[in-house]
Structure formats: structure tokens, C-alpha cells
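# Inside the fold
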Amino acid sequence: MSSYIVVGGGILGASTAYHLAKRNVKVTLVDRQDKGQASAAAAGIICPWISQRRNKKWYALVKNGANYYKQLVEELEALGETSTGYKQVGAIALQNDPKKLQKMLERALEKRVDAPEIGELKILSPEETNAQFPLITEDFTSLYVEGAARVDGTAMRDALIRSAKKLGAEVIYGDATFADGVLTVNGQQVEADEIVLTAGAWGNELPQELGVDMNVSFQKAQIMHLQVNNLDTGEWPVVLPPTNQYLLTFDNGKVVAGSTYEENTGYDTEVTEAGKNELLENAVSIASSLENASVTEVRVGFRPYTPEFLPVIGKLPGYESIYFSNGLGASGLTAGPFVGSELARLILGEETVLDLSEYAPV
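Cut-offs used in this document
- Residues numbered from 1 in each chain as written.
- Predicted model: local features only at pLDDT ≥ 70, side-chain atom pairs only at ≥ 80, totals over all residues.
- Heavy atoms only, no water.
- Pairing = 2+ DSSP bridges.
- Helix = DSSP H or I, 4+ residues; strand = E, 2+ residues; numbered from the N terminus.
- Axes fitted to C-alpha atoms, helices over the stretch in contact; angles between N-to-C directions.
- Parallel < 35°, antiparallel > 145°, perpendicular 65-115°, else oblique.
- Left-handed = near helix turned anticlockwise from the far one by under 90°.
- Contact = heavy atoms within 4.5 Å.
- Nonpolar A, V, L, I, M, F, W, Y, C, P; charged D, E, K, R; others polar.
- Buried < 20%, exposed > 50% of the residue type's maximum accessible area, 1.4 Å probe, protein only.
- Patch = residues over 30% accessible without salt bridge, like charges linked within 9 Å, V, L, I, M, F, W, Y side chains within 5 Å.
- Areas by Shrake-Rupley, 256 points an atom, 1.4 Å probe, with all protein chains shown as cover.
- Salt bridge = Lys/Arg side-chain N within 4 Å of Asp/Glu carboxyl O.
- Lys, Arg positive; Asp, Glu negative; His and termini not counted.
- Charge placed at Lys NZ, Arg CZ, Asp CG, Glu CD.

Now for the sheet that holds strand β9 (residues 170-173). If you walk across this open sheet you meet the six strands as β9-β2-β1-β13-β20-β19, and the pairing is mixed. Among the strands making up the open sheet, the edge pair consists of β9 and β19 (312-315). Sheet twist, expressed as the mean angle between neighbouring strand axes with direction ignored, is 15 degrees.

One way to put it is that helix α1 (residues 11-21) packs onto helix α9 (residues 332-347) with a least axis distance of 7 Å and a crossing angle of 40 degrees. As far as their axial angle goes, α9 and α1 are oblique. For α1 against α9, the interelement crossing comes out right-handed. Touching Ile11, Leu12, Ser15, Thr16, His19 and Leu20 of α1 are Gly332, Leu333, Gly336, Pro337, Val339, Gly340, Ser341, Leu343, Ala344 and Ile347, all from α9. When its residues are assigned to classes, the contact of α1 with α9 shows nine nonpolar, seven polar and no charged.

This part takes up the environment of Ile172. Inspection of the secondary structure puts Ile172 in strand β9. Residue Ile172 is classed as partly exposed on the basis of its relative accessible area of 22%. Each C-alpha atom of the pair Ile172 and Arg32 lies 8.6 Å from the other, and the pair is 140 residues apart in sequence. Ignoring anything within four residues of it in the chain, the contact list for Ile172 reads Thr28, Leu29, Val30, Asp31, Val185 and Asn186.

On to a negative patch on the surface, then. Where like charges cluster on the molecular surface, the negative patch consists of Glu127, Glu128, Glu138 and Asp139. Mapping Glu128 onto the fold places it in helix α5 (residues 126-132). In this structure Glu128 comes out as partly exposed when scored by relative accessible area, which is 41%.

As C-alpha cells, this is what we get:
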């Protein structure tokens, strides 16, 4: 039986391990449980279709990623995983410039031709917008996107890991290093036919031990969790303001406000007053009642990026039996499960959905 080791247990590594385990091969997932892992901090917004980003290769990943979720969730539920953190609740993109709102609608209608999962699209009046998300206190019109969803990164990652274990995968929490080109985990030499490196913001470490620089950079993100009382928030849509901030809710009055984009912080996992103030000010600017909400938690994560902000998927340069994938950035929860499935296909020599040569590491 062929054997595979996946190093890095965020959403991408967890998905890769799960999809390999589905093929009845020997899989070991190794994770160091670093503080600041992006998947654990994130509350994902699955709504790539209204983005103004023009990179077609990036859009192919996130479009397929959004479409893949329903199939994946059905598979996980069949394995007994009922708490995946995923729910289709729709999204409302706020906008008070009629021309920009119309352009957004036209862009989404055009993309719906190839992505029918977008579902219903309609422009909402301020009253209709407020009815969708009652905390909104300003007079915003919005574009409603039926097919959008939310996902709890921790819940989805954990569901993937548990499912991989049910299918026979082994999970080791500890440190993986290369010594003279041989992989060791917690100081013990391990062997496998193929090694897969999916270490996110720490993605440079193992390649550099092999003499390869993969130029992984990262941004620090802080994400605030608030609590409101006496409101049934479980079905509310994701809110996308005109800025790159967002609001989304979960059951029982939980509201998530995100996020900051911080450069050159190093692996600093401390919550900062500046970050908290930025998050609360942005949230209150569209939902003033949140000023009186209780802050229950602020999470910190590091979004990994590769050159040109395009994810890479393929063999580590110079190594035939080592694969490397990284750079999902702020799209990690949208694209990660799909990229993991594609990476598993590539490793096993199966046909992939996308032409992965376009994402090969260089």
C-alpha cells in the first residue's frame, strides 16, 4: 500500500489528508498546532462571485471551491459529521452608490451563467436590507446573493480531520523537520512514498531545510466575536460592506466582525487595542447597536501568500516525491477543501478538475 505524509493540519492539509484517505492509502497527518493558524481563527465567507479581482486563475479556484462545498458536506455528514460549520445563508453586499450596485449585479449575473449555484440575485431596498440583517442601522441598499454561505474554519477543519481518521488516517501532533533530507517527526525518522507540505504561514520552513525558498509571506488578521441577546441570528446572511470588512452571525446571538490586514508583524499572536478598535469601529459604522454588545473573544490568524498572490499547487522544485501547496490567503476557507481534493488527485495520478500546471511552484 502506498503511504503519504501530509505536514500541516489547517484546512488545506486536513482536506488533502481526508481526500487521500478516501482512496484507501496509508495517510499520516502531522500538525504542530502553532498559534495563529489561519483556519482556526477564520470565519469563512463563501461568496467569490461578486469580487472585482480579475485574476482568472484565482477565480477558477474560488469558484470551484464554493461549488464543491455541498458535495463535501454531504460526504462528511454520511460519515457522521453533523457539525461541519457550513451553512448556506446568502449574503448581502451593501452599497449606496446605484451605479456601483448595478455593476455588481451585472458582474454576478454574468458569472451565474457558468456558476448557477449563485442562485437568486436581487437588489434590496434599505428596508429589505434591514429585514435581512436587523442589526444594520444605516440606510444601505444591497445586492442579495442567495448561494453564499458561511463556514466556521475550526469546525470544518476538525470535521475533515475526524473523517480522515475514520477512513484510516493517523494524526500526529508534533514537529516535522528534515535532517539530511530525511523527514523526522518529534525526532523520529518517518518514511513515506510521498510527502505533502501544506504548512500555511510557516510554509517556508521545511523547503528551506531542503535548500528551496518558496517565498511564502503572510498577513496578521484579528477577528472579533461579539454577543447580542434576544435575537435569533442563526439564519442571517453574511454582510459585505463596501470596504473589505465583513459581519456574519452564527446561532444564539453570536456575531463575528472581521478583519484586520496587518503587514510585517512577525508571528505575533497578541490581540492589540488598535486592532480591536478598528474592528469595533467598522462594525458599529453599519450596525451601531453593536457598540453595546459584549466582546467575547478576538482571534488572531496568519493568512499565507505566495508570489503574485496566486496559490501554488504541485511538486516542490527539485523534488519528485515532495508536493507543496500554499498561498490561499484570505480565500483559504473558500478554496481550501477543493484545493485539497485537487492535490490528492494530482498526487495519485488522477485527472484533476483544473489544469494544475498553471499553479505549479517555481
